[in-house]
Amino acid sequence: MTFLNVGPVFVLGGARSGKSSFAEKLAEASGLRMHYVATGRAYDEEMRDRIARHRAARQGKGWETHEEPLDLCGLLRRLDAPERVILVDCLTLWVTNLMMEERDMPAEFAALAGLLPAMQARVIIVSNEVGLGIVPENRMARDFRDHAGRLHQIVAEKSAEVYFAAAGLPLKMKG
Amino acid sequence: MTFLNVGPVFVLGGARSGKSSFAEKLAEASGLRMHYVATGRAYDEEMRDRIARHRAARQGKGWETHEEPLDLCGLLRRLDAPERVILVDCLTLWVTNLMMEERDMPAEFAALAGLLPAMQARVIIVSNEVGLGIVPENRMARDFRDHAGRLHQIVAEKSAEVYFAAAGLPLKMKG
Amino acid sequence: MTFLNVGPVFVLGGARSGKSSFAEKLAEASGLRMHYVATGRAYDEEMRDRIARHRAARQGKGWETHEEPLDLCGLLRRLDAPERVILVDCLTLWVTNLMMEERDMPAEFAALAGLLPAMQARVIIVSNEVGLGIVPENRMARDFRDHAGRLHQIVAEKSAEVYFAAAGLPLKMKG
């Protein structure tokens, strides 16, 4: 299959908006080898179980799953190959992990921004829009919201296509 | 008036987004007999007053109002007739009531999903998008957000037209 | 430069959605004399510093900045002239200030609605969409959300163009 890699696809949406399902369908339609990058950390037994079930379900459809809470850029570089599609799910969990480890956020975001246009694999990135509610009273939540919003602008700028998902429907914002 | 019923219309939007007004205008433009299904419960005097005022205002425009906090499917079945338009306002209040009564949410949602394509009346459904803010700290609020999001995906899938309302403007997502 | 003033432009978006940058670019592309109306109040040293830095950055690009927490309509009237573009950033901070001073919100909103169509200057208005998260438990936050949503509907109705910004991308809702 010939495949012209025009750049990343970014899928933004709220909780239970169908953003991940839409991203998975895009990847499955690509005909490429599918790699799933999970950025979430399991904090308890229930979450470990759910992650394991999702992983098994994806495996049955041909996905290989990788877990990476922090070094997203390193993993993307190691996985990069033109015959692959890499789905990153999701940016907001990555931001949460970086904040907990008190990483240098602008440096991390700049590294991802620099890497994305150089990727040979097809990259699909999922993230949660969290900035459309009332300003949170909690300072940490406000900082998180600001970091997530800044990262979304950076990733959208580097993406060939951007979708906003709501109620399971993708709305094209770019591309 | 000939009226081709192609399926439900779903209007999703935030608080004070103009979603209900838009849905009412759609119904009023249909030329059909108008039935309004209110799913909200009045918990205090102030809310009872407001509901009564809204009901009177709609009555002046030819609406018949029905209140049903839980058995939405039963009421839709009883009201069903081809010469009618039924406006359901709104799904999130129904979800709240179901949760408070500890109903089986997937079963309730499946019943609605099964019913919608069979309706002969024109059905217009309004709901609140609540998943675009920060993850709530409260467990109940997180569960509510998950239920609402899942139901929105189900209803959007069964709908012929889906709109996202913001600042009084409807943005067509499907149809 | 001939410039047909067809009416206000309204840019709505979440936190860190790129709404202000988009609005500033629209103003800078107009070729008109640029006036920036900041409605926010500095409550501490950190915010005063940030406001001063933003003001200096805009000044370098030819902007004149005005601070007005309450009397937005009075300032707009004083600044009005056909060779000018006036950017108001943002409505939600104005709503916050009006609420703190216990002003008559419907009267204030009606005054702005009456003024906008009469303006000879090009007016660009930025605001935060805050109604797409979970219903806030705090009464004041719920009232704020209701006021902001009502004002957004009023301003969108009076605007020639309305954009919804997300991840730095403007989605046209009207115009």
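Residues numbered from 1 in each chain as written. Chains lettered and ligands numbered in written order. Predicted model: local features only at pLDDT ≥ 70, side-chain atom pairs only at ≥ 80, totals over all residues. Heavy atoms only, no water.

- Looking at an unreviewed UniProt entry, one finds chain A named Bifunctional adenosylcobalamin biosynthesis protein, with Sinorhizobium americanum as its source organism.
- In UniProt, chain A has this text filed under Function (unreviewed entry): "Catalyzes ATP-dependent phosphorylation of adenosylcobinamide and addition of GMP to adenosylcobinamide phosphate." (UniProt positions renumbered as here; feature names shortened; annotations may be inferred.)

1. A closer look at helix H5 (residues 105–115) of chain B
Residue and element names in this part refer to chain B.
Here comes step 1: Met105, Glu108, Phe109, Leu112, Ala113 and Leu115 are the residues of H5 that are buried. End-on, the buried residues of H5 take up no more than an arc of 170 degrees, which puts them together on one face. Away from its buried face by more than 90 degrees, H5 exposes Pro106 and Gly114.
Here comes step 2: Of the surrounding elements, those touching the buried residues of H5 are helix H3 (72–79), helix H4 (91–100) and helix H6 (139–158). (Buried < 20%, exposed > 50% of the residue type's maximum accessible area, 1.4 Å probe, protein only. Helix = DSSP H or I, 4+ residues; strand = E, 2+ residues; numbered from the N terminus. Arc of directions from axis to C-beta. Contact = heavy atoms within 4.5 Å.)

2. Considering the relation of the copies chain A and chain B
Here comes step 1: Rotating chain A by 120 degrees and moving it 0.0 Å along the rotation axis overlays it on chain B with an RMSD of 0.0 Å. The two molecules are tied by a three-fold rotation axis, judged by turn and shift. Closest to the rotation axis within chain A is the C-alpha of Gly133(A), separated from it by 2.4 Å. (Least-squares fit on C-alpha atoms with pLDDT ≥ 70 in both.)

3. Digging into the side chain of Arg58(C)
Here comes step 1: Inspection of the secondary structure assignment puts Arg58(C) in helix H2 (residues 45–60).
Here comes step 2: Residues in contact with Arg58(C), not counting those within four places in the same chain, are Glu24(C), Tyr36(C), Trp63(C) and Thr65(C).

4. Some remarks on the interface of chain A and chain B
One widely used convention gives an interface's size as the accessible area the parts lose upon coming together.
Here comes step 1: Counting residues at the interface gives 22 residues for chain A, matched by 20 residues for chain B.
Here comes step 2: Carbon and sulfur atoms make up 67% of the area that chain A and chain B hide from each other, which totals about 1,600 Å².
Here comes step 3: At the boundary of chain A and chain B, one finds one salt bridge.
Here comes step 4: Between Asp146(B) and Arg16(A) there is a salt bridge, with the nearest N and O atoms lying 3.2 Å from each other.
Here comes step 5: At the surface where chain A touches chain B, the tally comes to six residue pairs in polar contact (both at pLDDT 80 or more).
Here comes step 6: At the level of secondary structure, the elements contributing two or more residues to the side of chain A that touches chain B comprise helix H6 (139–158), strand E6 (161–166) and strand E7 (169–174) of chain A.
Here comes step 7: Looking at the side of chain A that touches chain B residue by residue, the classes come out as eleven nonpolar, eight polar and three charged. (Buried area = accessible area lost by both parts, 1.4 Å probe. Salt bridge = Lys/Arg side-chain N within 4 Å of Asp/Glu carboxyl O. Polar contact = N/O pair within 3.5 Å; in protein donor to acceptor, adjacent residues only side chain to side chain. Nonpolar A, V, L, I, M, F, W, Y, C, P; charged D, E, K, R; others polar.)

5. Section: the sheet that holds strand E5 (residues 122–128) of chain C
Residues and elements named next belong to chain C.
Here comes step 1: One open sheet accounts for seven strands, arranged E3-E2-E4-E5-E1-E6-E7; its pairing is mixed. Strands with a single pairing partner mark the edges of an open sheet, and in this sheet they are strand E3 (63–67) and strand E7 (169–174). Shown here is a sheet whose adjacent strand axes are inclined to one another by a mean of 20 degrees, direction ignored.
Here comes step 2: Of the strand pairs in this sheet, strand E1 (residues 9–13) and E5 are connected by five bridges, and their pairing is parallel. The partner of valine 11 across the bridge, within E5, is valine 126.
Here comes step 3: Against the sheet, helix H1 (residues 19–29) makes contact with E1, strand E2 (33–38), E3, strand E4 (84–89), E5, strand E6 (161–166) and E7, and its axis sits at roughly 175 degrees relative to E5, the strand it touches most.
Here comes step 4: In the packing of helix H6 (residues 139–158) onto the sheet, the strands contacted are E1, E5, E6 and E7, and the crossing angle to E1 comes to about 145 degrees. (Pairing = 2+ DSSP bridges. Axes fitted to C-alpha atoms, helices over the stretch in contact; angles between N-to-C directions.)

6. A look at the nonpolar core
Here comes step 1: Counting residues in hydrophobic clusters, the biggest one holds 117 residues, and the most contacted among them are Leu112(A), Leu112(B) and Leu112(C).
Here comes step 2: Among all residues touching Leu112(A), those that are not within four sequence positions of it are Leu72(A), Cys73(A), Leu76(A), Leu91(A), Trp94(A), Leu151(A) and Val155(A). (Core = buried A, V, L, I, M, F, W, Y, C linked by side-chain atoms within 4.5 Å.)

7. Focus on the sheet that holds strand E2 (residues 33–38) of chain A
All names here are of chain A.
Here comes step 1: Ordered by their spatial adjacency, seven strands build an open sheet running E3-E2-E4-E5-E1-E6-E7, and the pairing between neighbours is mixed. Both edges of this open sheet fall to strand E3 (63–67) and E7, since each of them pairs with a single strand only. Along the sheet, successive strands turn relative to each other by an average axial angle of 20 degrees, direction set aside.
Here comes step 2: Note: E2 against strand E4 (residues 84–89), six bridges, orientation parallel. Residue alanine 38 lies in a different strand from E4, and its bridge partner there is aspartate 89.
Here comes step 3: Lying on the sheet, helix H2 (residues 45–60) is in contact with E2 and E3; it crosses E3 at an angle near 150 degrees.
Here comes step 4: Those strands touched by H6 are strand E1 (9–13), strand E5 (122–128), E6 and E7, and its axis lies near 145 degrees from that of E1.

8. Quick look at the interface of chain C and chain A
Here comes step 1: Listed as interface residues are 22 residues of chain C and, on the opposing side, 20 residues of chain A.
Here comes step 2: Interface of chain C and chain A: buried area, both sides summed, is about 1,600 Å²; carbon and sulfur atoms make up 67% of it.
Here comes step 3: Looking only at chain C, the three residues that lose the most surface to chain A are Arg16(C), Ala167(C) and Leu169(C), adding up to 40% of its buried area.
Here comes step 4: At the junction of chain C and chain A, the tally comes to one salt bridge.
Here comes step 5: Counting the contacts that link chain C with chain A gives six residue pairs in polar contact (both at pLDDT 80 or more).

9. Some details on the packing of H4(B) against H6(B)
All names here are of chain B.
Here comes step 1: Running from N to C, H4 and H6 point in directions that differ by 130 degrees, and their axes come no closer than 10 Å. Our classification of the angle between H4 and H6 gives oblique. Two packed elements cross with a definite hand, and for H4 against H6 that hand is right-handed. In contact with Leu91, Thr92, Trp94, Val95, Thr96 and Met99 of H4, H6 contributes Met140, Asp143, Phe144, His147, Ala148, Leu151, His152 and Val155.
Here comes step 2: Considered class by class, the residues forming the contact of H4 with H6 number nine nonpolar, four polar and one charged. (Parallel < 35°, antiparallel > 145°, perpendicular 65-115°, else oblique. Left-handed = near helix turned anticlockwise from the far one by under 90°.)

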